[in-house]
Amino acid sequence: MTTADSVQDLIEQFEAEAERDRSPKTTPDVGVIMGSDSDLDVMAGTDASPGAYDALTELGFEEVTDYEDPPEARFTFETYVVSAHRTPELMYAYAETAEARGLDVIIAGAGGKSADLPNMTASLAYPVPVVGVPVQEKSLPSVVGMPTGAPIVAVDAGKSFNAALSAAQILAREHDDLRERLIAYHDDLQESVGNVSRQLHERGTPAFRDRE
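This is a predicted model, so every value here is computed, not measured.

Asker: Talk me through the overall build of the protein; I want residue IDs and the actual numbers.
Answerer: On a plain count of helices and strands, the protein comes out with 9 helices and 6 strands. What you see for the protein is a C-alpha radius of gyration of 19 Å, in line with the 17 Å of a compact globule of 212 residues. With the C-alpha coordinates of the protein rotated into their principal frame, the extents come out at 60 × 40 × 40 Å. Residue burial in the protein is summarised as follows: out of 212 residues, 42% are buried. In the protein, the share of contacts with a sequence separation of at least 24, taken over all contacts with a separation of at least 6, comes to 66%. For the protein, the computed accessible surface area is about 11,800 Å², with 47% contributed by carbon and sulfur atoms. Positive and negative charge centroids in the protein, built from 16 and 38 side chains respectively, lie 8 Å apart.

Asker: Can you break down the sheet that holds strand β4 (residues 105–110) residue by residue, with the values?
Answerer: Ordered in space as β2-β3-β1-β4-β5-β6, the 6 strands form an open sheet in which the pairing is parallel. Taken across any chain shown, the strands that pair with only one partner, and hence form the sheet edges, are β2 (62–63) and β6 (153–154). Across the sheet, helix α5 (residues 117–125) lies against β1 (30–34), β4 and β5 (130–134), angled at about 155° from β4, the strand it touches most. Those strands touched by helix α7 (residues 160–172) are β1, β4 and β5, and its axis lies near 165° from that of β4.

Asker: Go over the environment of S38, please, and point to the residues and values.
Answerer: Within the secondary structure, S38 is located in the loop between β1 and α2 (40–44). Here S36 takes part through its side chain, which lies 3.0 Å from a polar atom of the side chain of S38.

Parameters at a glance
Residues numbered from 1 in each chain as written. Predicted model: local features only at pLDDT ≥ 70, side-chain atom pairs only at ≥ 80, totals over all residues. Heavy atoms only, no water. Helix = DSSP H or I, 4+ residues; strand = E, 2+ residues; numbered from the N terminus. Rg over C-alpha atoms; globule rule 2.2 N^0.38 Å. Buried < 20%, exposed > 50% of the residue type's maximum accessible area, 1.4 Å probe, protein only. Contact = heavy atoms within 4.5 Å. Areas by Shrake-Rupley, 256 points an atom, 1.4 Å probe, with all protein chains shown as cover. Lys, Arg positive; Asp, Glu negative; His and termini not counted. Charge placed at Lys NZ, Arg CZ, Asp CG, Glu CD. Pairing = 2+ DSSP bridges. Axes fitted to C-alpha atoms, helices over the stretch in contact; angles between N-to-C directions. Polar contact = N/O pair within 3.5 Å; in protein donor to acceptor, adjacent residues only side chain to side chain.

Here you go:
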């Protein structure tokens, strides 16, 4: 299969899914897209720097890899590479079918100075909310530079973890169980900071620095 065939196959897949009447409980709630697989470390996360994949799975989301056999988890997400510049037709198809395919929010990341994927996706998928992730610092002006009337939510460069939390917050307005997971996550963060503060005080700075 050629690259062109692969792209067309994905376009047809998105269009076919948009025509199906699937239960919202079986369709992905969040779409995670990036301009290149080189963005994956930022968008998914690494051991040193957690990303959107880590945040979503920590909140109990599961990844959909087969529409015909979705995970049993109530909240799910899908992941694709969609280039605004190299595969514009694919970007159009993904964004324009997003709502019909059941997506409630999209996380879109792109790098480089012309990081157009989040912006274009936000315009095409409207009114589905889009959280933009500038993969690099130089991508920030491009991602946040939307005109009045064309909204996008954006996080700081490389902060796809926060983008996933924002996506979950949007969903949590209609799902109490997800709201409770977010509150529990926030409580754990507070407890962790409190524990670190206590250890620093009780051990003293030199011993705290040398802890394993």
